[in-house]
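Observations on chain architecture
Residue strings, one per chain:
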Amino acid sequence: MHDDPRLLARLNARGFRLSMLLDAVALYALMVGAMLVRFTFEGRPWQTYSVPHYLLSFGVLLAVFLACLYFGGLYEREPRLGAPPTLPRAVRQTLAAAGLFVLLNLVVTGFAQQLGLVSRARVVLPIPTPNLLFLLVAGAVAVAANRWIVSLVRTRREGPPKILLAGTEADLEIARRHVTIDPRRSQIVVEVSDPARILPAVRHRDVTDVVVVTSRWLDELYPRAVQQLDDAGVTMLLRVTGRETMFGLERLREVGGLPFVLLRPQTMPRSRRHFKRLFDLTTLAISAPALLLLTGIIALYQLAVAGRPLLYWQERVGAGGRRFRMVKFRTMRTDAEAEGGARLAVEDDPRVIPACAWVRATRMDELPQLWNVLRGEMSLVGPRPERPELTARFESVIPGYARRHALPPGLTGLAQIHGRYHTDPEYKLGYDLQYLVNWSPVADIEILLRTVWVVLARRL
């Protein structure tokens, strides 16, 4: 049994959470229990569906519920200090899961009826409406209760959070009177009054959370210190004042009566990045016939007017600053960079082959990058990838430029529908960061549709 904590830690590192298993058991038990009460204890028949048919339906419903909980961020590892309430988020995700299941059932049943696999009076995934409504409420409560159980187990195994309190002496004095109110909920194991001492102190003490009570230290800690602490499994909370909350900060945490925000090295948590990847693959699968036909037509045209080589491979900077080989249709002369090396394209660039100017203007030269999207090196929507030489130059002169590498680069992006090839990189960065902070599937759909308009308008 002494290996269990280490096994659980390894599973946690791969994204598995104990709460996943608890949720699966609780939700499936609620489904079966509600059905037994409805059809057995009330003495009602099992209608026209067999028990295995209902159990299959339960399995699909359970998968939909767990997927919504996962993509809703309820399986992200949350710091215990100031953890937000789970029930409101659980209600939103169970509501989304129920709606998605109903939609899925309608689509699958419609196809099955058209193919003659089921009669008009039957559905493929039978779930009585009262049972589904019951699961909405009881399921959300069960999910919240499971988080409470997991928190108790974690506290019993690891003890209360062990805090490194950091800040100026004046700020530390204020914080001491608050975060030490209940030592059973948290323990201050070390204090530092110099931001440069935070990382050495964490390495030499058993610290689970770093609480910074002097907000002006942020420039010295972000992003290097935050990234190193995150790699070590240590979270960092930064105290905010009333003035800073007027910036529109969301998801504030309360610790001992003081407001804090959680600092993360990644703009988007793992579950949302996986959701974005799923969105990319689904969109590609749906649009594959049209995209393949269009790519083939452009390839034939390029061969006729530009000759070989048809494709142009170029090293670009992707997610996390990793390099990859991006592919596109060649629209410039083969000696385009013979003089001067890598440089940004400009309006009416003389290096562009005249017959290929419209291909470049309509962004059709980017179509081969669908291969990069399939490989996971790029996304359909995101910041455009830059050359390593240009990226190094921009990072040296534009503060925060490296933040755009938090996600895989995109085939198109917010900066591309608002900007042009020759738009200044610092202005493009504003669009990129806005996209990273406010990402949603709806935003991606809007950008893709607006990209189509840009292509049709042949706007540079």
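Counting 29 residues, the largest nonpolar core has Leu27, Met31 and Leu61 as its most contacted members. Only helix 2 (18-41), helix 3 (51-71), helix 4 (87-114) and helix 5 (129-158) provide two or more residues apiece to this core. Contact partners of Leu27, with chain neighbours within four places excluded, come to Leu62, Phe65, Leu66, Leu69, Leu135 and Gly139. With 22 residues, the next largest nonpolar core counts Leu199, Val210, Trp217 and Leu263 among its residues.

Spatially, 6 strands are ordered 2-1-3-4-6-5 in an open sheet, and the strand pairing comes out mixed. With partners counted over all chains shown, the strands left at the sheet margins are strand 2 (187-192) and strand 5 (253-255), one partner each. Averaged over neighbouring strand pairs, the angle between their axes works out to 35° when direction is ignored. Where strand 4 (residues 235-239) and strand 6 (residues 258-263) come together, 4 bridges link them in antiparallel fashion. Each bridged residue has a counterpart across the sheet, and for Arg239 the counterpart in strand 6 is Phe260.

In total, this model carries 6 aromatic pairs according to the counting rule given. Ring-pair connections join several aromatic residues into one group, and the members of that group are Tyr70, Phe71, Phe275 and Trp439.

Along the chain, Thr86 falls in the loop between helix 3 and helix 4. Other than its neighbours up to four places away in sequence, Thr86 contacts Leu74, Val143, Ala144 and Arg147.

There is a patch of nonpolar side chains on the surface, built from Leu281, Leu311, Trp313, Trp371 and Leu374 and spanning about 460 Å² of accessible area. Counting residues per element, the ones that place at least two in the nonpolar patch are strand 7 (311-317) and helix 13 (370-374). Tracing the backbone shows Trp371 in helix 13.

For the rest of this paragraph, the subject is the pattern of salt bridges. Here the structure, examined in full by the defined rule, presents 14 salt bridges. Its salt-bridge partner being Arg154, residue Glu158 comes within 3.4 Å of it at the nearest N-O pair. Of the two residues, Glu158 and Arg154 are both situated in helix 5; the distance of 4 residues between them amounts to about one turn of the helix. The partly exposed category is assigned to Glu158, whose relative accessible area is 30%. Accessibility expressed as a relative area gives 17% for Arg154, which makes it buried. Glu377 is paired through a salt bridge with Arg375; the nearest N and O atoms lie 3.2 Å apart.

What counts and how
- Residues numbered from 1 in each chain as written.
- Predicted model: local features only at pLDDT ≥ 70, side-chain atom pairs only at ≥ 80, totals over all residues.
- Heavy atoms only, no water.
- Core = buried A, V, L, I, M, F, W, Y, C linked by side-chain atoms within 4.5 Å.
- Buried < 20%, exposed > 50% of the residue type's maximum accessible area, 1.4 Å probe, protein only.
- Helix = DSSP H or I, 4+ residues; strand = E, 2+ residues; numbered from the N terminus.
- Contact = heavy atoms within 4.5 Å.
- Pairing = 2+ DSSP bridges.
- Axes fitted to C-alpha atoms, helices over the stretch in contact; angles between N-to-C directions.
- Phe/Tyr/Trp six-rings, centres within 6.5 Å; stacked < 30°, edge-to-face > 60°.
- Patch = residues over 30% accessible without salt bridge, like charges linked within 9 Å, V, L, I, M, F, W, Y side chains within 5 Å.
- Areas by Shrake-Rupley, 256 points an atom, 1.4 Å probe, with all protein chains shown as cover.
- Salt bridge = Lys/Arg side-chain N within 4 Å of Asp/Glu carboxyl O.

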